[in-house]
Amino acid sequence: MTVLTPSFGLTLGPIDSDWTIGELLAWLEDDTRTHDPSLREPLALIEAAVTGAPWPVAPSPVALIRSLAVAARSGGLSRVRIAHFAPDPAGMEQSARLETEECQVA
């Protein structure tokens, strides 16, 4: 079996990098989280890695959540773990590049 592992980690505050995109979206269903400004940066990192589309202005947490929900539905990403998405340290601050290494599990 092949397992993808991140080549480096993310600091995502209260968001657990082991969650799937679907689990993250379920956690974000709480209205207090939906409008929490402290989630903007971690959500922006995840959303940029998932969609690869830069925002012309800093988006609100609600806009980021909506974008993640659309990407999860259209791209079948709801079961992908957040840990598989990582920003490219050599490139832009928020990169769409998925940094993974394949390793074999016995």
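The structure under discussion appears in the preceding block.
Notes on the structure follow. (Residues numbered from 1 in each chain as written. Predicted model: local features only at pLDDT ≥ 70, side-chain atom pairs only at ≥ 80, totals over all residues. Heavy atoms only, no water.)

1. Here we look at the overall build of the chain
So, point 1. Counting its regular elements, the chain contains four helices and two strands.
So, point 2. Along the chain direction, N to C, the helices and strands of the chain fall in the order β-α-α-α-α-β.
So, point 3. In the chain, buried positions account for 37% of the 106 residues.
So, point 4. At a minimum sequence separation of 6, the contacts of the chain that also span at least 24 residues come to 67%.
So, point 5. Accessible surface computed for the chain: about 6400 Å², of which carbon and sulfur atoms make up 54%. (Helix = DSSP H or I, 4+ residues; strand = E, 2+ residues; numbered from the N terminus. Buried < 20%, exposed > 50% of the residue type's maximum accessible area, 1.4 Å probe, protein only. Contact = heavy atoms within 4.5 Å. Areas by Shrake-Rupley, 256 points an atom, 1.4 Å probe, with all protein chains shown as cover.)

2. Examining helix H4 (residues 61-75)
So, point 1. Between its first and last C-alpha, H4 extends 21 Å over 15 residues, near the 21 Å set by a 1.5 Å rise per residue.
So, point 2. Within H4 the residues assigned to the buried category are Pro61, Val62, Leu64, Ile65, Ser67, Leu68, Ala69, Ala71 and Ala72.
So, point 3. Buried residues along H4 sit in contact with helix H1 (21-27), helix H2 (31-34) and helix H3 (40-51).
So, point 4. Gly76 sits one or two residues past H4 and shows a positive phi near 60°. (Expected span 1.5 Å × (residues − 1).)

3. With respect to the pattern of salt bridges
So, point 1. Per the stated rule, a full pass over the model turns up three salt bridges.
So, point 2. Between Arg81 and Asp18 there is a salt bridge, with its nearest N and O atoms 3.8 Å apart. Separated by 63 residues along the polypeptide, Arg81 in the loop between H4 and strand E2 (100-104) and Asp18 in the loop between strand E1 (2-6) and H1 bring together distant segments of the chain.
So, point 3. Classification of Arg81 by relative accessible area gives partly exposed; the value is 33%.
So, point 4. According to the relative accessible area criterion, Asp18 is partly exposed, its value standing at 46%.
So, point 5. The partner of Asp30 in a salt bridge is Arg33, and the shortest N-O contact between them spans 3.9 Å.
So, point 6. For Asp30, a relative accessible area of 32% corresponds to the partly exposed category.
So, point 7. When salt bridges that share partners are traced, they join Asp18, Glu23 and Arg81 into one network. (Salt bridge = Lys/Arg side-chain N within 4 Å of Asp/Glu carboxyl O.)

4. Considerations on the side chain of Glu47
So, point 1. Relative to the assigned elements, Glu47 resides in helix H3.
So, point 2. The charged side chain of Glu47 is buried without a salt bridge, its nearest counter-charge being Arg40 at 11 Å.
So, point 3. Within the structure, Glu47 has its side chain in polar contact with the side chain of Ser67 (distance 2.6 Å).
So, point 4. Excluding residues that lie within four positions of it along the chain, Glu47 makes contacts with Gly52, Ala53, Trp55, Leu64, Ser67 and Leu68. (Lys, Arg positive; Asp, Glu negative; His and termini not counted. Polar contact = N/O pair within 3.5 Å; in protein donor to acceptor, adjacent residues only side chain to side chain.)

5. What about the environment of Trp55?
So, point 1. Looking at the secondary structure, you find Trp55 in the loop between H3 and H4.
So, point 2. Using a relative accessible area of 37% as the deciding quantity, one classes Trp55 as partly exposed.
So, point 3. Remark: the alpha-carbon pair of Trp55 and Ala44, spanning 11 residues in sequence, is separated by 9.4 Å.
So, point 4. Look past the residues within four positions of Trp55 in its chain and what remains in contact with it is Glu47, Ala63, Leu64 and Ser67.

6. Notes on the environment of Ser60
So, point 1. Topologically, Ser60 is positioned in the loop between H3 and H4.
So, point 2. Under the relative-accessibility criterion, Ser60 is labelled partly exposed at 33%.

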